[in-house]
Amino acid sequence: MTNWRIGQTVAFVDSGRRVVALNLADANARVPLAIEGTGAEIWRAIARGEASGVTPQEVLGSLSRDFETEPEAIAESVMGFVDQLLALGLVAVEPLVAD
């Protein structure tokens, strides 16, 4: 099991309408990524996990409640978007640590 969290070197601003994020450790990232709509909701669900992160199941559960749908119906799209964020270094994956 893993946790998703915002990368430690990522700066972001959430204006309510959109999220703008930049990986400060990536010398090639000259332009921040603007995320709107459902993508911004995915970002917010991950950001709520703060330093400890959030499981993919928690993100899917939160989004399915917000959008009144089943987690299975959105899982592929959510995972695809998170894969893009991972590739940009904006989101990190960490092993889930049991208490």
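For the structure itself, consult the block above.
All of these numbers come straight from a predicted model, not from anything done at the bench.

Some details on the sheet that holds strand E4 (residues 33-36)
Moving on, step 1. A sheet is described by the order of its strands in space; here three strands give the open sequence E2-E3-E4, paired in antiparallel fashion. If you trace the sheet from one side to the other, it starts and ends with strand E2 (10-14) and E4, each paired once. If you compare each strand with its neighbour and ignore which way they point, the axes differ by 20° on average.
Moving on, step 2. Helix H1 (residues 37-47) rests against E2, strand E3 (18-23) and E4 of the sheet, and its axis sits at about 100° to E4.

A few points about the environment of Leu22
Moving on, step 1. Structurally, Leu22 is set in strand E3.
Moving on, step 2. Judged by relative accessible area, Leu22 falls into the partly exposed class, the value being 22%.
Moving on, step 3. Residues Leu22 and Ser77, 55 residues apart in the sequence, show an inter-C-alpha distance of 22 Å.

Focus on the packing of helix H2 (residues 56-66) against helix H3 (residues 71-87)
Moving on, step 1. Put simply, H2 and H3 touch, their axes get as near as 10 Å, and they point 120° apart. Taken together, the axes of H2 and H3 are oblique relative to one another. Viewed along their axes, H2 and H3 form a crossing whose handedness is right-handed. For the pair formed by H2 and H3, the contact residues are Pro56, Val59, Leu60, Leu63 and Ser64 on the first element and Pro71, Ile74, Ala75, Val78 and Met79 on the second.
Moving on, step 2. Considering only residue class, the contact of H2 with H3 consists of nine nonpolar, one polar and no charged.

Examining the pattern of salt bridges
Moving on, step 1. A complete count under the given rule lists five salt bridges for this structure.
Moving on, step 2. Here Arg44 ties to Asp14 by a salt bridge, and the two come within 2.7 Å at their closest N and O atoms. With Arg44 in helix H1 and Asp14 in strand E2, the pair connects residues that are 30 residues apart, well separated along the chain.
Moving on, step 3. Look at Arg44 and you get buried, because its relative accessible area is 14%.
Moving on, step 4. With a closest N to O distance of 3.6 Å, Glu36 and Arg17 form a salt bridge. Here the residue Glu36 occupies a position in strand E4, and Arg17 occupies one in the loop between E2 and E3, the gap between them amounting to 19 residues.
Moving on, step 5. Judged by relative accessible area, which is 43%, Glu36 ranks as partly exposed.
Moving on, step 6. Judged by relative accessible area, which is 56%, Arg17 ranks as exposed.
Moving on, step 7. Salt bridges here are not isolated pairs; linked through shared partners, they connect Asp14, Glu41 and Arg44.

Comments concerning the nonpolar core
Moving on, step 1. Formed by 22 residues in total, the largest nonpolar core has its most connected members in Trp43, Ile46, Val59 and Val78.
Moving on, step 2. The residues contacting Val59, other than those within four sequence positions of it, are Trp4, Ala45, Ile46, Val54 and Val78.

Some details on the packing of aromatic side chains
Moving on, step 1. Inspection of every chain in the model, using the stated rule, returns one aromatic pair.
Moving on, step 2. Where Phe12 meets Trp43, the ring centres are 5.3 Å apart and the plane angle is 70°; that geometry is what we call edge-to-face. One end of the pair, Phe12, is in strand E2; the other, Trp43, is in helix H1, and 31 residues separate them in sequence.

Conventions adopted
- Numbers given to residues run from 1 along each chain, matching the order in which its sequence is written.
- Restriction of local features to residues with pLDDT of at least 70 applies here, the model being predicted, together with a cutoff of 80 or more for giving and counting side-chain atom pairs; totals for whole chains, interfaces and linings are based on all residues.
- Calculated side-chain values reflect all of the structure's heavy atoms, with hydrogen atoms and water omitted.
- Note: two strands are recorded as paired if DSSP finds a minimum of 2 bridges between them.
- What counts as a helix is a DSSP run of H or I of at least four residues, what counts as a strand is a run of E of at least two, and both are numbered from the N terminus.
- Axis geometry follows a simple rule: fit a line to the C-alpha atoms, using only the stretch in contact for helices, then measure angles between N-to-C directions, giving values from 0 to 180 degrees.
- Only heavy atoms matter for contacts: two residues are in contact if any of them lie within 4.5 Å across the pair.
- Any residue under 20% of the maximum accessible area for its type is buried, any over 50% is exposed, and the rest in between are partly exposed; the area is computed with a 1.4 Å probe on protein chains only.
- Note that the term roughly parallel is reserved for angles under 35 degrees, roughly antiparallel for angles over 145, roughly perpendicular for angles of 65 to 115, and oblique for everything else.
- In this scheme, a crossing is called left-handed if the near helix is turned counterclockwise away from the far one by less than a right angle; it is called right-handed if the turn is clockwise.
- In this classification, Asp, Glu, Lys and Arg are treated as charged, Ala, Val, Leu, Ile, Met, Phe, Trp, Tyr, Cys and Pro as nonpolar, and every other residue, Gly included, as polar.
- Here, a salt bridge means any Lys or Arg side-chain nitrogen found within 4 Å of an Asp or Glu carboxyl oxygen.
- We define the nonpolar core as a collection of buried residues of types Ala, Val, Leu, Ile, Met, Phe, Trp, Tyr and Cys that are connected through side-chain atoms lying within 4.5 Å of one another.
- Only Phe, Tyr and Trp rings take part, Trp by its six-membered ring, and two of them pair if their centres are within 6.5 Å. Stacked means planes under 30 degrees apart, edge-to-face means over 60, and tilted covers everything else.

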